[in-house]
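Secondary and tertiary structure notes
Here's the letter readout for the chains.
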Amino acid sequence: MVAMRFEAILFDCDGVLVDSEPITHRVLVQVLGERGWQITQEECMRIFIGKAVKDEAALIEQRTGQPVTAEWLQAFWGRRNAALERDLLPIAGALEAVPALHEATGGRIACASGADRGKVEMQLRKVGLYPLFEGRIFSGHEMPRSKPFPDVYLAAAEALGVDPRRCAVVEDTVTGVTAGAAAGATVFGYSPGGPGHSPAEALRAAGAAHVFEDMAALPALLSFWD
């Protein structure tokens, strides 16, 4: 692999490293239905993709007429995590791309997710990527603001000691691309088609410098990017 212009690579987690969105939203449809909000999985993904459920509390309360309490969120997270532990798979090509980029950058990669830390770490362990990100995992739940604000990406870049403008961000949703672009990074939008990922045109409109479909091709794409 030739030298890259990027000093660090910052990955989103859900939909970029792990194929978690259909599983998570299947559970979310169930728990919302139990509260009286009957919604299809397609509608659920359109509304919530790339967002933390806790940040959409006002909408949930409006549609269900019931408060979003800490206990309700914990129960949802528990059911979600059980389903992920059972069914989660890596994104096709991620198990090849991440080790290659870890080597190419001398370990300057990070996972910067809008999800809660427990979920992110569990998922990375489940698919075998945790050792490559250990100590460099950042959660939007722990930031002043989550995506679409840039806080989690700025925190990841600072921890790696790299100017955000020298970072590549890999995202698959409009919310995440917006966050990466706001941080000043060069954002690469992953849009393989199908549910769980924003369309290519939407990623470009949000600020993606390039949109690609094959995660296994990411190391070569970043190596030759000028």
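The coordinates are above.
What follows is about the sheet that holds strand β4 (residues 167–171). In space, the six strands of this open sheet follow the order β3-β2-β1-β4-β5-β6, with parallel pairing throughout. Unpaired on one side and paired on the other, β3 (137–139) and β6 (210–212) mark the two borders of the sheet. In this sheet, neighbouring strand axes are inclined to one another by 25° on average, regardless of whether the strands run parallel or antiparallel. Note that strand β1 (residues 8–11) and β4 share four bridges and pair parallel. Across the sheet, residue Phe-11 finds its bridge partner in β4, namely Val-170. Helix α6 (residues 117–127) contacts β2 (109–113) and β3 of the sheet and is inclined by roughly 145° relative to β3.

Attention shifts here to the environment of Val-169. Assignment of secondary structure puts Val-169 in strand β4. The exposure class of Val-169 is buried, given its relative accessible area of 0%. The spacing of Val-169 and Val-68 is 101 residues in sequence and 32 Å in space, taken between C-alpha atoms.

Glancing now at the environment of Glu-201. Residue placement: Glu-201 occurs in helix α10 (residues 200–206). Overall, Glu-201 belongs to the exposed group, its relative accessible area being 55%. Through-space distance from the C-alpha of Glu-201 to that of Val-211 is 8.6 Å; in sequence the pair is ten residues apart.

Here is what the cut-offs are and how they apply
- Within each chain, residues carry numbers counting from 1 in the order of the written sequence.
- Owing to the predicted nature of the model, reporting of local features is limited to residues with pLDDT of at least 70; listing and counting of side-chain atom pairs is limited to 80 or more, with chain, interface and lining totals taken over all residues.
- In computing side-chain values, all of the structure's heavy atoms are included and hydrogens and water are not.
- What makes two strands pair is DSSP finding at least two bridges between them.
- Secondary structure elements are taken from DSSP: a helix is a run of H or I of four residues or more, a strand is a run of E of two residues or more, and numbering for both begins at the N terminus.
- A fitted line through C-alpha atoms serves as each axis, taken over the contacting stretch for helices, and the angle formed by two N-to-C directions is quoted from 0 to 180°.
- It only takes one pair of heavy atoms within 4.5 Å for two residues to be counted as in contact.
- Each residue is placed in one exposure class: buried if its accessible area under a 1.4 Å probe, protein chains only, is under 20% of its type's maximum, exposed if it is over 50%, and partly exposed if it falls in between.

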